[in-house]
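Examining the three-dimensional arrangement
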Amino acid sequence: MNYEEFLASKRIVVSPSGFDCDDISPKLFDFQRDIVRWSLKKGKAAVFCGTGLGKTPMQLSWAKCVSRHTGGDVLILAPLAVAQQTAREGEKFDVSVTVCRSQADVKPGVNITNYEMLHAFDASHFQGIVLDESSILKAFEGRTRNEIIGAFRNTPYKLACTATPAPNDHMELGNHAEFLGVMGRTEMLSMFFVHDGGETSKWRLKGHARQSFWEWVASWAVMMSIPSDLGYENGKFDLPPLRIHQISVKPECSQFQGEAKTLQDRRKARAESIVDRVSKCAEIVNADDDPWIVWCDLNSESDALTKAINESTEIAGRHDKEYKEEKMLGFAAGDVKRLVSKPSICGFGMNWQHCNKMAFVGLSDSFEQYFQAVRRCWRFGQDKPVDVYVITAEAEGAVVKNIERKEADFKEMLSGMISATQEITKQNIRQLVRDEAVYMRDEQKGENWRMILGDNVEETQKMQDE
């Protein structure tokens, strides 16, 4: 065994278990078609792409190819109301999609249902499974997440699609690796991470394992926030400006003179300022005739906003699935003008580029919910600047700062994550031949002579002979 073979033997990568396929929809962009081809070759893969980069047509094309190759059926699991949206998208890309509520509804080819309906299906029937908005896994309780992973443990072909995952949330990457059958979360943590003590979520990459970890991730996942990350032209995939307007209100009889420091005090500050925050939001929204999304965090905020905002429709946890789906699709179609809801209910999966105005009247400490909610409108395909109003009590300053800190961390770590994987991914996706052995080479030329120096003797000799 030479040194290059020794290095290759130490790499932890996921071997392909899929098939070659060139009959992929010509309606896809080049980068989308290449990602689908790579995912089919891998057999089990994750696609982490920015919102609006076309994960839906990619997963539909993948599902169609798997069904055609195996002669079996493929199931797509999606958030509430996304199933109907995906079926309509399928028509644009020549993929027939059956929306199902139980196994009895399944038809040959590509089928789709909501995550909540998984219990009504026989997972062993399907040759392929797609998780749409797969980061939603961590929003489920452990039992449900484990049910999804366990139900499709033996499914031959798997695809997980979501916007670029939170780079500092290694548990999310572990969830995906476990679903795909790449490696269990516990094994991933023990191999690549060290525990900082205290909170169980505080895991950090071992210094010497950083490169091997991202090489491992790049062997089963593609990460991209914009096409140029992987060497493609951005074309129309440039986002318009995002304009954040922070508005603070202070109730006349506030018990807080400064910022609320504890979680309990922040809750009190939020409760005492509901009337003022709702009033300010209604004043802004009712001043024009445009579509709006108004996000809240508390039931009392949701009720008050619906009463105060003209032509508003509330989607709350107490509503049944049919009502939620109807109103979410109604907003997409323009039948619902102003939508009031929580990010945890309507913040995943929907394409609402027709709307470019939203307000947050209450923020939780979840940056992911904030990020996903903003991305319902600020996504590729949006052609107008997006205005986001964040309306909080003055005493809630800690919440706003927390979101800002997490957003800065997210951008920094996302850049690092893509940078760590992009060269490997770029070559994987474009099916370039990559020489895994790394060596230094220097070439000097002069009149009637050429000298090549390198630490790979065989390569140097070969070039000299030429």
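Remember, it's a predicted structure, so these values are computed and weren't measured experimentally.

Points about the overall build of the chain
Helix and strand counts for the chain stand at 16 helices and 17 strands. A burial count over the chain gives 52% of its 466 residues as buried. The long-range share in the chain, meaning contacts at least 24 apart out of those at least 6 apart in sequence, stands at 71%. Of the roughly 21,700 Å² of accessible surface on the chain, 47% is carried by carbon and sulfur atoms.

Structural notes on the nonpolar core
Trp62, Phe213, Trp352 and Phe360 are the most contacted members of the largest nonpolar core, which totals 112 residues. In contact with phenylalanine 213, other than residues within four places in its own chain, are His170, Leu173, Met188, Phe192, Phe193 and Leu205. Judged by nonpolar contacts, the second largest core, of 16 residues, contains Cys281, Ala282, Trp292 and Ala359.

Examining the sheet that holds strand 5 (residues 128–132)
Pairing is parallel across the open sheet formed by 7 strands, whose spatial order is 3-4-2-5-6-1-9. Taken across any chain shown, the strands that pair with only one partner, and hence form the sheet edges, are strand 3 (97–99) and strand 9 (221–224). Going from strand to strand, the sheet's axes swing by 15 degrees on average, the running direction of each strand aside.

Observations concerning the environment of valine 340
Inspection of the secondary structure puts valine 340 in strand 13 (residues 338–341). Each C-alpha atom, one on valine 340 and one on serine 302, is 6.5 Å from the other, the two residues being 38 residues apart in sequence. Setting aside its immediate chain neighbours within four residues, valine 340 contacts Val294, Ser302, Leu305, Thr306, Ser312, Thr313, Glu314 and Ile315.

Details of the pairing of strand 13
Alternating residues of strand 13 divide into Arg338 and Val340 and Leu339 and Ser341, and every residue in both groups is buried. Both strand 11 (residues 292–296) and strand 13 contribute to a ladder of 4 bridges, which runs parallel. Bridge pairing links valine 294 to valine 340 in strand 13. Of the pairings in the sheet, the one linking strand 12 (residues 312–314) to strand 13 comprises 3 bridges and is parallel in character.

Notes on the pattern of salt bridges
Counted by the stated rule, this structure contains 21 salt bridges. Aspartate 23 is the partner of arginine 68 in a salt bridge, and the nearest nitrogen-oxygen pair spans 3.4 Å. With arginine 68 in helix 3 (residues 55–70) and aspartate 23 in the loop between helix 1 (3–10) and helix 2 (30–42), the pair connects residues that are 45 residues apart, well separated along the chain. Where salt bridges share partners, they join Asp288, Asp290, Arg338 and Lys357 into one cluster.

Remarks on the packing of aromatic side chains
All told, the structure shown has 17 aromatic pairs when counted by the stated rule. Here the aromatic rings of tryptophan 216 and tryptophan 220 are separated by 5.4 Å at their centres, their planes lie at 65 degrees, and the arrangement is edge-to-face. Connected via pairs of aromatic rings, a cluster forms that spans Phe48, Phe192, Phe193, Phe213, Trp214, Trp216 and Trp220. Residue placement shows lysine 158 over the ring face of phenylalanine 179; its charged tip is 5.5 Å from the ring centre. Here the basic side chain of lysine 236 rests over the ring of phenylalanine 237, its NZ or CZ set 4.5 Å away from the ring centre.

Here's the deal with helix 2
Over its 13 residues, helix 2 runs 18 Å from end to end, which matches the ideal 18 Å to within 8%, given 1.5 Å per residue. Looking only at helix 2, the buried set comprises Phe31, Gln32, Arg33, Asp34, Ile35, Val36, Arg37, Trp38, Ser39, Leu40 and Lys42.

Re the confidence of the model for the chain
Overall, the predicted model of the chain reaches an average pLDDT of 83, with 85% of residues at or above 70. For residues 3–10, every residue scores under 50 in pLDDT, and the model assigns this stretch 4 contacts once sequence neighbours within four places are set aside. When the criterion is pLDDT under 50, residues 432–443 qualifies, and its contacts beyond four places in sequence or with other chains add up to 23 contacts.

Let's talk about the packing of helix 10 (residues 274–285) against helix 11 (residues 299–308)
The description of two helices packed together rests on the angle between their axes and the distance between the axes. At a closest axis distance of 10 Å, the pairing of helix 10 and helix 11 adopts a crossing angle of 40 degrees. Of the possible angle classes, the one that applies to helix 10 and helix 11 is oblique. Helix 11 is crossed by helix 10, and the crossing has right-handed handedness. Residues Ile274, Arg277, Val278, Cys281 and Ala282 of helix 10 form the contact with helix 11, whose participating residues are Ser300, Glu301, Ala304, Leu305 and Ala308. A class-by-class count of the residues in the contact of helix 10 with helix 11 yields 7 nonpolar, 1 polar and 2 charged.

Here we look at the sheet that holds strand 13
The 6 strands are arranged 10-15-14-11-13-12 in an open sheet whose pairing can be described as parallel. In this open sheet, the two strands that pair with only one neighbour each are strand 10 (242–249) and strand 12. Going from strand to strand, the sheet's axes swing by 20 degrees on average, the running direction of each strand aside. Here helix 10 sits on the sheet in contact with strand 10, strand 11, strand 13, strand 14 (357–361) and strand 15 (386–393), set at roughly 160 degrees to strand 15.

Remarks on helix 10
The end-to-end C-alpha separation of helix 10 is 16 Å, in line with the 16 Å expected for 12 residues at 1.5 Å each. When we look at burial in helix 10, the residues that qualify are Ile274, Arg277, Val278, Cys281, Ala282, Ile284 and Val285. In a view along the axis of helix 10, the buried residues occupy a sector of 160 degrees, so they form one face of it. Away from its buried face by more than 90 degrees, helix 10 exposes Val275 and Glu283.

So, how was this worked out
- Residues numbered from 1 in each chain as written.
- Predicted model: local features only at pLDDT ≥ 70, side-chain atom pairs only at ≥ 80, totals over all residues.
- Heavy atoms only, no water.
- Helix = DSSP H or I, 4+ residues; strand = E, 2+ residues; numbered from the N terminus.
- Buried < 20%, exposed > 50% of the residue type's maximum accessible area, 1.4 Å probe, protein only.
- Contact = heavy atoms within 4.5 Å.
- Areas by Shrake-Rupley, 256 points an atom, 1.4 Å probe, with all protein chains shown as cover.
- Core = buried A, V, L, I, M, F, W, Y, C linked by side-chain atoms within 4.5 Å.
- Pairing = 2+ DSSP bridges.
- Axes fitted to C-alpha atoms, helices over the stretch in contact; angles between N-to-C directions.
- Salt bridge = Lys/Arg side-chain N within 4 Å of Asp/Glu carboxyl O.
- Phe/Tyr/Trp six-rings, centres within 6.5 Å; stacked < 30°, edge-to-face > 60°.
- Lys NZ or Arg CZ within 6 Å of the ring centre and 35° of its normal.
- Expected span 1.5 Å × (residues − 1).
- pLDDT = per-residue confidence, 0-100.
- Parallel < 35°, antiparallel > 145°, perpendicular 65-115°, else oblique.
- Left-handed = near helix turned anticlockwise from the far one by under 90°.
- Nonpolar A, V, L, I, M, F, W, Y, C, P; charged D, E, K, R; others polar.
- Arc of directions from axis to C-beta.

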